[in-house]
Amino acid sequence: MTYDTIIRGGRWFDGTGAPSAVRSIGIRDGRIATISPDPLDETGCPQVIDAAGTWVLPGLLDIHTHYDVEVLEGPALAESLRHGVTTVLLGSCSLSTIHVDGSDAGDLFGRVEAIPREHVIAAVDAHKTWRGPREYIDALEARPLGPNLAAFLGHSDMRAATMGLDRATRAEVRPTAGEQARMERMLADALDAGFVGMSSQQLLFDKLDGDTCRSRTLPSTYAKPRELRRLKSLLRRRGRVLQSGPDITNPLNLASQVAQSLPVFRNRLKTSLLSAADVKANRFAIAALGPLARLVNRFGADFRWQHLPVPFEVYADGIDLVVFEEFGSGAAALHLRDELARNELLRDESYRRRFRKDYDSKFGLRVWHRDFFDAEIVACPDTAVIGKSFGEVGRDRGGLHPVDAFLDLVLEHGAALRWRTTISNHRPEVLKKLARDAGIQIGFSDAGAHLRNMAFYNFGLRLLRHVRDAERSGRPFMTIEHAVHRLTGELADWYQLDAGHLRVGDRADLVVVDPEHLDARLDDYAEAPVAVYDGLSRMVNRNDDAVRAVFVGGRAVFLDGAPTAVVGTKRTGRFLRAGQFAAVDAAELAHAG
């Protein structure tokens, strides 16, 4: 037998959590043809990779991205491929580009996801040829996709396209009967086309960009219960997924979103909720999330929290950071795009009093810990403040309140002031518990968004390092096989996608990882220009020694940290339709074991 590629003698993980073993893998016609404990005949094989000492894993899944804009201009999505991610989900947080035009897409994505609005508009207007989900899939598959794609249909996308963005973001306006029916047809068409489900959002600090509706919350936040019930009923009947974000300031909203998954006189609703994070602002909340998921699942629900398995470290340039949207004075500053007008506001003493009051308030749920002593300055024209916190700068300047020290530096240096803080997931022992919690899914990278704020493209590698280090220290908290399963097969099975496994008959989507290079470089800061955004620099991850090879559909897309010639020129990925699977050869799989 001849093969297109042989991966020789690596430690093979099949993505199911079964024991790993040293095997040689033969790839033919884009699929896994053979998994053998014995050496394969390499005669005539054009590509042989010596994988001795490495791990050969199914390609990783990223279940929460905002690549909806970038995939139009740069469909290779090479930043994810680089780190072994071979399947990404689009359409998160109620945002997609299936129905809205460029202008509305710019307003929806620009501020919420910190993607330059003008680039969103240009990309959608330049490439949108589709009128619905089937044509959207065709348009994507006509492009040189790097990874595989799957998608949610965004509730805000549907609402804005049906009602108009202005009406869709007014609390007193409800969709007419015709508009409600149209949204239901949109969702049904998407499910028929193979979308994994619908994403919605009730979080109230995600704000619109643009002029007409600027600073209103996303359209989905204005939906009343009847509208949501009718859309969710379609998901229930089809067994598809609702991804949602609760209004964390309203405990009733949070409770109802958890309870909605229960099969009480109806089908259960598969629900993926944002998010399980060990937030510094409330160190006790995380203790309830896993048990809550397990409780409702015990009564027949199918509920999961999404979780990023690494410290949630964010960077900001001046005051441009989405966490300021969660309180009134911060949102007021971000509402102003004009720098002169914003600076005038930041100088105003009455405004500063409001900011100090918001900062000092200890009541209510929040994402940001609001501690400027826990915020390090990493770049500034005034080099004397680099390495200090804003609280320390305030003390150095005669005992200024930390808020005043921060605002003074923003006024002095604007976006040239760069700083960082860790908002959540800062306790390694808590991360270990979350990583093995059955009510929690591993994901939530936000890849493709927040270009200057954060980079978690390599979150899967960082989890594998955490597990490997614990194992080597003699204090394991889960096996490598279990960790691989959580990053691959578990996610693919739950979202009903033909991905996440590495068995005979499966598509050859895989990554070869060198465990000896899962080291401190995974945490290093790096930036790179984004060609599709006119060379704008964004945060990335660069740990190329850790990933020896990445294959999508049997074709090498990265080798030894460098993209191959097919990346960006040939389509290797495809659109994965929920519920459609290739047959796996059980007899050959038994032989491989």
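Residues numbered from 1 in each chain as written. Predicted model: local features only at pLDDT ≥ 70, side-chain atom pairs only at ≥ 80, totals over all residues. Heavy atoms only, no water.

Colleague: Can you break down the domain arrangement of the protein residue by residue, with the values?
Modeller: Segmentation of the protein into domains returns domain 1 (60–311 + 425–498) and domain 2 (319–421). Taking only C-alpha atoms, the centre of domain 1 and the centre of domain 2 are 30 Å apart. Residue-level contacts link 18 residues of domain 1 with 16 residues of domain 2. Interface area for domain 1 against domain 2, summed over the two sides, is near 1600 Å², with a carbon-plus-sulfur share of 51%. At the junction of domain 1 with domain 2, the criterion picks out five salt bridges. Note that aspartate 374 and lysine 280 form a salt bridge whose closest N and O atoms lie 2.6 Å from each other. Run the count over domain 1 and domain 2 and you get seven residue pairs in polar contact (both at pLDDT 80 or more). Within the side of domain 1 that touches domain 2, the residues separate by chemical class into five nonpolar, five polar and eight charged. (Domains from an automatic or database assignment. Contact = heavy atoms within 4.5 Å. Buried area = accessible area lost by both parts, 1.4 Å probe. Salt bridge = Lys/Arg side-chain N within 4 Å of Asp/Glu carboxyl O. Polar contact = N/O pair within 3.5 Å; in protein donor to acceptor, adjacent residues only side chain to side chain. Nonpolar A, V, L, I, M, F, W, Y, C, P; charged D, E, K, R; others polar.)

Colleague: Account for the sheet that holds strand β15 (residues 418–424), with residues named and values stated.
Modeller: Sheets are built from strands paired through backbone hydrogen bonds, the pairs being either parallel or antiparallel. In spatial order, the strands read β13-β15-β14; together these three strands make up an open sheet with antiparallel pairing. Strands with a single pairing partner mark the edges of an open sheet, and in this sheet they are β13 (312–317) and β14 (376–379). On average, adjacent strands in this sheet sit at an angle of 35° to one another, irrespective of strand direction. Examined bridge by bridge, β13 and β15 share six bridges and lie antiparallel to one another. Residue pairing in the sheet places aspartate 317 in a bridge with arginine 418 of β15. (Pairing = 2+ DSSP bridges. Helix = DSSP H or I, 4+ residues; strand = E, 2+ residues; numbered from the N terminus. Axes fitted to C-alpha atoms, helices over the stretch in contact; angles between N-to-C directions.)

Colleague: Requested: an account of the environment of proline 428, with residues and values cited.
Modeller: The topology assignment puts proline 428 in helix α17 (residues 428–435). Here proline 428 falls in the partly exposed class, since its relative accessible area comes to 47%. Separated by 118 residues in sequence, proline 428 and valine 310 place their C-alpha atoms 8.6 Å apart. (Buried < 20%, exposed > 50% of the residue type's maximum accessible area, 1.4 Å probe, protein only.)

Colleague: With reference to specific residues and values, describe the side chain of arginine 418.
Modeller: Relative to the assigned elements, arginine 418 resides in strand β15. Of note is the side chain of arginine 418, whose polar atom sits 2.8 Å from the side chain of aspartate 317. Apart from the residues within four sequence positions on either side, arginine 418 is in contact with Tyr315, Ala316, Asp317, Glu376, Ile377, Val378, Ala379, Arg452, Tyr525, Glu527 and Met539.

Colleague: Explain the nonpolar core to me, and be specific about the residues and the numbers.
Modeller: Within the largest apolar cluster, 129 residues are counted, with the highest numbers of intra-cluster contacts made by Phe195, Phe324, Phe355, Phe372, Phe406 and Trp419. In terms of domain composition, this core takes at least three residues from each of domain 1 (60–311 + 425–498) and domain 2 (319–421). Each residue touching phenylalanine 355, except ones within four places of it in the same chain, is listed here: Ile319, Phe324, Phe327, Ser329, Phe372, Val403, Phe406 and Leu407. (Core = buried A, V, L, I, M, F, W, Y, C linked by side-chain atoms within 4.5 Å.)

Colleague: Describe the packing of aromatic side chains, listing the residues and the values that go with them.
Modeller: Tallied over the entire structure, the rule returns 26 aromatic pairs. Aromatic rings pair up to connect Phe324, Phe327, Tyr351, Phe355, Tyr359, Trp368, Phe372, Phe390, Phe406 and Trp419 into one cluster. (Phe/Tyr/Trp six-rings, centres within 6.5 Å; stacked < 30°, edge-to-face > 60°.)

Colleague: Describe in detail the environment of arginine 117, supporting the description with residues and values.
Modeller: Within the secondary structure, arginine 117 sits in helix α4 (residues 117–127). Given a relative accessible area of 23%, arginine 117 falls into the partly exposed group. C-alpha separation for the pair arginine 117 and threonine 249, spaced 132 residues apart in sequence, amounts to 28 Å. Discounting residues that sit within four places of it in the chain, arginine 117 has contacts with Ser103, Gly106, Asp107, Gly110, Asp209 and Gly210.

Colleague: Give a description of the UniProt feature "domain: Amidohydrolase" (unreviewed entry) in the protein that names residues and reports values.
Modeller: Those residues carrying the UniProt feature "domain: Amidohydrolase" (unreviewed entry) are residues 47–220 in this numbering. Annotated as residues 47–220, this span is 38% helix and 16% strand, and its ends, taken at the C-alpha atoms, are 49 Å apart. (UniProt positions renumbered as here; feature names shortened; annotations may be inferred.)

Colleague: Would you mind going over the side chain of threonine 271 in detail, with residue names and values included?
Modeller: Along the chain, the position of threonine 271 falls in strand β11 (residues 270–273). With near-sequence residues (within four places) excluded, threonine 271 lies in contact with Leu242, Gln257, Gln260, Ser261, Asp302, Phe303, Arg304 and Trp494.

Colleague: Can you explain unusual backbone geometry? Please cite residues and give values.
Modeller: Put simply, leucine 274 and serine 275 share a cis peptide bond, and its omega is -20°. With respect to the secondary-structure elements, serine 275 resides in the loop between β11 and α11 (286–298). Here the phi dihedral of phenylalanine 265 falls at roughly 55°; this positive angle occurs in a residue that is not glycine. Within the fold, phenylalanine 265 resides in the loop between α10 (251–259) and β11. Overall, the relative accessible area of 85% leaves phenylalanine 265 in the exposed class.

Colleague: Residues and numbers for the sheet that holds strand β6 (residues 60–62), please.
Modeller: The eight strands are arranged β6-β7-β8-β9-β10-β11-β12-β16 in an open sheet whose pairing can be described as parallel. Because the sheet does not close on itself, it has two edges, and the strands there are β6 and β16 (440–442). Here the average twist between neighbouring strands, direction ignored, is 30°. Two strands pair when backbone bridges link them, and β11 and strand β12 (residues 303–307) are joined in this way by three bridges, in the parallel orientation. Bridged to serine 272 within β12 is arginine 304. Running over the sheet, helix α6 (residues 155–163) touches β8 (148–154) and β9 (197–199) and is turned about 50° from β8.

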